[in-house]
Amino acid sequence: MKKILNNPTDYVDEMLAGLIAAHPEYYALQGETGRVVTRAKAGRAGKVGIVTGGGSGHLPVFTGYVGTGLLDACAIGDVFASPSAEQMAEAIRAASQGAGVLRLYGNYGGDIMNFDMAGDLVEFDDITCTTVVLADDIASAPLAEREKRRGVGGMVYAFKIAGACAETGADLATVTAVAQKAADASRSIGAALSSCTVPQAGKPTFHIGEDEMEMGMGIHGEPGVWRDKLRPADAIAAEMMDRLFADMPIGPGDRVSIMVNSLGATPPEELYILYRVVKARIEGAGASIVMPLVGRYATSMEMAGVSFTMIKLDAELESLLTAPCDCAFWRVG
């Protein structure tokens, strides 16, 4: 293992300490274990709170998206490991401002179990919670079994849209419905070229040949749909768009946002090579692109690879997507 770290067991806590030290205008730490990231300045009283949680190793997901027009708090676990139920309960309490809290997170067993338990814990604090679970990874299950799909880049769009809705003063039911609509309108697929190394494991999560790639691999190294020789950029982008279109067709008059996302090690230059094809395919279908995102938005440590996330917009979703937000990793307006 070749990483810039001290003791692997301190990896997440030292990362969080550095995050807060670098961006005190955005972030603060709470909780007995210091694993709850909140806004530096709480949102106004009476606003619906939005909370998420999950394992480290995916920055800016999850902690990075705490901020105005986005999340109110986030519980963070060890690398690729769920936070505890108590840490999630602490995040819910921190996000609560008297109007209820939306729990918005990815479809992973540990996160679901612990957020459910956290909801039971905060009932004693008289906090009303709702839940929206992202399940946007089309490679992880067929459309007929969409509830089994993993949550990946679609979380970024859901954080943004739900966060903007909450800032308008909308009630919990409205914010939850908008978050669910954003989740339902999102589709993602990834392609990996290399593994990553979890610090406490000390070795690569999986092995892939130097001349190989895997289509559809998950952000923790979950199996994809095929593994074969590395293909040219245009062929990779074309297949990924084919798979997105097959799952969520678009046509003339549709408006979509598309994210071309580095899984960690893929440089911006290669993302822009891919975006040429992405833009041509969407516009070739007669659709328009709103606020494209090209960069690192949801990573997997130092994994080399890319994911595409597409969200089909209506007037409400587009208005909320383009509304102002501000955090250390993303600013709109």
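Preceding block: the structure.
Below or above, wherever it landed, is the structure these notes cover. Note that the structure is predicted; figures quoted are calculated from it, not measured. (Residues numbered from 1 in each chain as written. Predicted model: local features only at pLDDT ≥ 70, side-chain atom pairs only at ≥ 80, totals over all residues. Heavy atoms only, no water.)

## Observations regarding the overall build of the protein chain
Basically, it comes down to this: Numbering of helices and strands runs from the N terminus, with a helix taken as a DSSP run of H or I at least four residues long and a strand as a DSSP run of E at least two residues long. Between the two quantities, the radius of gyration covers C-alpha atoms and the globule rule is 2.2 Å times the number of residues to the power 0.38. Relative accessibility decides the category of a residue: with a 1.4 Å probe and only protein chains considered, values under 20% of the type maximum give buried, values over 50% give exposed, and everything between is partly exposed. Contact criterion: two residues are considered in contact whenever any of their non-hydrogen atoms come within 4.5 Å of each other. Only the protein chains shown count as cover for residues, and all accessible areas are computed by the Shrake-Rupley method using a 1.4 Å probe. For this count, His and the chain ends are skipped, Lys and Arg are scored as positive, and Asp and Glu as negative. Charged groups are reduced to one reference atom each: NZ for lysine, CZ for arginine, CG for aspartic acid, CD for glutamic acid.
When helices and strands are tallied, the protein chain shows eight helices and 15 strands. Taken over the C-alpha trace, the protein chain has a radius of gyration of 19 Å; the compact-globule value for 333 residues is 20 Å, and the two agree within 12%. Seen along its three principal axes, the alpha-carbon backbone of the protein chain occupies a region of about 55 × 50 × 35 Å. Taken over 333 residues, the protein chain has a buried fraction of 56%. Considering only residue pairs separated by 6 or more positions, the protein chain has 71% of its internal contacts joining residues 24 or more positions apart. Approximately 13,000 Å² of the protein chain is accessible, and the part contributed by carbon and sulfur atoms is 55%. The averaged location of the 41 negative side-chain charges in the protein chain is 5 Å from the averaged location of its 28 positive side-chain charges.

## Structural notes on the sheet that holds strand 6 (residues 129-134)
For clarity, the cut-off: Following DSSP output, two strands are said to pair if at least two bridges run between them. Here the axes come from fitting lines to C-alpha atoms, over the contacting stretch only for helices, and the angles between their N-to-C directions go from 0 to 180 degrees.
Read across the sheet, six strands follow the order 1-2-4-3-5-6 without closing on themselves; strand pairing throughout is mixed. Strand pairing shows two members of the sheet lacking a second neighbour, strand 1 (27-30) and strand 6, which therefore form its edges. Strand after strand, the sheet turns through a mean of 25 degrees between neighbouring axes, direction not considered. With three bridges joining them, strand 3 (residues 49-56) and strand 5 (residues 101-106) adopt parallel strand pairing. For Ile50, the partnering residue across the bridge sits in strand 5 and is Leu102. In this fold helix 4 (residues 154-167) packs onto strand 2 (36-39), strand 3, strand 5 and strand 6, with an angle of close to 170 degrees to the strand it touches most, strand 5.

From the geometry alone we can't say anything about function, so treat these as descriptive.
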